[in-house]
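# Geometric and topological summary
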Amino acid sequence: MGFNCGIVGLPNVGKSTLFNALTETAAAEAANYPFCTIEPNTGRVGVPDARLDELARLAKSAKIVPTQLEFVDIAGLVKGASRGEGLGNQFLANIREVDAIVHVLRCFEDDEVTHVEAGVDPVRDAEIVDTELLLADLDSMERRYDQTLKKAKGGDKAAKDQVRVMEPVLAALREGKPARSVEVHPEDRKTFRMLQLLSAKPVLYACNVDEGAAAAGNAFSEAVQAHAEKEGAAAVVISAKIESEVAQLTDPQERRAFLETLGLEETGLARVIGAGYRLLDLITFFTAGPKESRAWTIAQGTKTPQAAGTIHGDFERGFICAETIAYDDYVRCGGEHGAKEAGRMRQEGRDYVVKDGDVMLFRFNV
């Protein structure tokens, strides 16, 4: 699996331009007027990982298969979305389906690009969207809480569990704090997820700057970074215009040279992916052989049978063991054979927690 990010923001902040660049498609029409994106556009991209290329070289793989990242370009939001204003109902429904939110904020001045609010103020824009998500959650929770409380008083155990989780969340929402600010006990996390709260989604603020600020950011992006730190979110600086230009360059060397002239070490896509992985607490393990080298994304803390299940359900059901080599050992020993001879391949059982970069071969019997 990869992960699924909804690209959101006010109209005309560069959402569709960024989506087109990140997915290297023209699936979403980018135009200078609100609600250009009416149905959510979805695009999948391979996650760049230099480790995968090195594994494929050492394993002499015929094919390289990166893990996938899915972006969903969601219609622009305006004030009142929680009450159905603009395309509010559709926006809120679309956002419930994603794992995380990439919130694009306009961090550049341009008289030729209209803004639905007065002037450029990314923190204000962030608060508009955050407030609409919070208000939608508050309305939903207040209606559901009364019904759940009645069931709990009637002796319904599941309802009692829900009330225990709902009460601190409802209190936070009434104080104007997002649901993700509430500390949830591990045993209650499943119940918390079932509430499907919009403001519980992890948020990554994408500061869309002009070309000159792509490397170091600007005063607007610094303000967003401070806002993100205050509310426990993450932020990255990205230039949708540069990403559009990079997407046109098919030769890797040309891309590197172009980025270097701008003082950039990597593309905005790589920064978004890195920040997204940290936000969602994801890691990557690999499989490598003559046929193919492939990357797989799992949650931090996943054990070997469940990791095997991301490849095929039979691998999890019939799991016996996982022959495992750390990435550094695989490279240092020149591949699987060298690692095995050096005693760096180990057999791991059901209780082993997979680590980022593990190269694995699953043994199973169904």
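The structure this text deals with has already been given above.
None of these values were measured; they are calculated from a predicted model. (Residues numbered from 1 in each chain as written. Predicted model: local features only at pLDDT ≥ 70, side-chain atom pairs only at ≥ 80, totals over all residues. Heavy atoms only, no water.)

### Concerning the overall build of the chain
Each helix and strand counted, the chain has 14 helices and 12 strands in total. A total of about 18,000 Å² of accessible surface is found on the chain, and carbon and sulfur atoms cover 49% of it. (Helix = DSSP H or I, 4+ residues; strand = E, 2+ residues; numbered from the N terminus. Areas by Shrake-Rupley, 256 points an atom, 1.4 Å probe, with all protein chains shown as cover.)

### Description of the side chain of Glu70
For Glu70, the location among the structural elements is in strand β4 (residues 68-73). A polar contact is formed between the side chain of Glu70 and the side chain of Asn4, at a distance of 2.4 Å. Engagement of the side chain of Glu70 in a polar contact is seen with the side chain of Arg44, the distance being 2.9 Å. In contact with Glu70, other than residues within four places in its own chain, are Phe3, Asn4, Cys5, Thr42, Gly43 and Arg44. (Polar contact = N/O pair within 3.5 Å; in protein donor to acceptor, adjacent residues only side chain to side chain. Contact = heavy atoms within 4.5 Å.)

### A short note on the pairing of strand β9 (residues 292-299)
Alignment of strand β3 (residues 63-65) against β9, held across 3 bridges, turns out to be parallel. Bridging across to β9, Ile64 finds its partner in Ser293. Across 7 bridges, the pairing between strand β8 (residues 282-288) and β9 is antiparallel. Within the sheet, the bridge partner assigned to Leu282 lies in β9 and is Ala299. Here β8 folds back onto β9 in antiparallel fashion, the turn holding 3 residues. (Pairing = 2+ DSSP bridges.)

### Notes on the sheet that holds strand β7 (residues 234-238)
Read across the open sheet, the 6 strands follow the order β2-β4-β1-β5-β6-β7; overall the sheet is mixed. Edge positions in the sheet fall to β2 (41-46) and β7, since each of these pairs with one other strand and no more. On average, each strand axis in the sheet is inclined to that of its neighbour by 25 degrees, with strand direction left out of account. Examined bridge by bridge, strand β6 (residues 203-208) and β7 share 5 bridges and lie parallel to one another. (Axes fitted to C-alpha atoms, helices over the stretch in contact; angles between N-to-C directions.)

### Thoughts on helix α1 (residues 15-23)
By the criterion of burial, α1 is predominantly enclosed, with 8 of the 9 residues buried. Restricting attention to buried positions, one finds in α1 the residues Lys15, Ser16, Leu18, Phe19, Asn20, Ala21, Leu22 and Thr23. (Buried < 20%, exposed > 50% of the residue type's maximum accessible area, 1.4 Å probe, protein only.)

### Some details on unusual backbone geometry
Even without being glycine, Lys60 reaches a positive phi, approximately 55 degrees. Mapped onto the secondary structure, Lys60 falls in the loop between α2 (50-59) and β3. Phi is positive for Gln196, which is not a glycine, with a value near 50 degrees. Counting through the fold element by element, Gln196 comes out in the loop between α6 (189-194) and β6.

### Focus: the nonpolar core
One finds Leu69, Phe71, Ile95 and Tyr205 to be the most contacted residues of the largest nonpolar core, which totals 51 residues. In this structure, Leu134, Tyr145, Val163 and Val165 belong to the second largest nonpolar core, which totals 19 residues. (Core = buried A, V, L, I, M, F, W, Y, C linked by side-chain atoms within 4.5 Å.)

### Quick word on the packing of helix α4 (residues 122-153) against helix α7 (residues 219-231)
Between α4 and α7, the least distance of the axes is 8 Å, while the angle of their chain directions is 40 degrees. When the interaxial angle is binned, α4 and α7 end up oblique. Facing Pro122, Val123, Ala126, Glu127 and Asp130 of α4, the residues of α7 in contact are Phe220, Ala223, Val224, His227 and Glu231. By residue class, the composition of the contact of α4 with α7 is 6 nonpolar, 1 polar and 3 charged. (Parallel < 35°, antiparallel > 145°, perpendicular 65-115°, else oblique. Nonpolar A, V, L, I, M, F, W, Y, C, P; charged D, E, K, R; others polar.)

### Examining the pattern of salt bridges
In a structure, side chains of opposite charge can pair up when their charged atoms sit close to one another. For the coordinates displayed, the defined rule picks out 21 salt bridges. Close ionic contact of Glu231 with Arg180 constitutes a salt bridge, the shortest N to O distance being 3.0 Å. Linking Glu231 in helix α7 with Arg180 in the loop between α5 (157-174) and α6, this pair joins segments that are 51 residues apart in sequence. By relative accessible area, which is 21% here, Glu231 ends up partly exposed. Given the relative accessible area of 22%, Arg180 is considered partly exposed. Note that Arg294 and Glu292 form a salt bridge whose closest N and O atoms lie 2.8 Å from each other. For Glu292, a relative accessible area of 22% translates into the label partly exposed. Ionic contacts of the salt-bridge type, sharing partners, join the residues Lys157, Asp161, Arg164 and Asp188 into one network. (Salt bridge = Lys/Arg side-chain N within 4 Å of Asp/Glu carboxyl O.)

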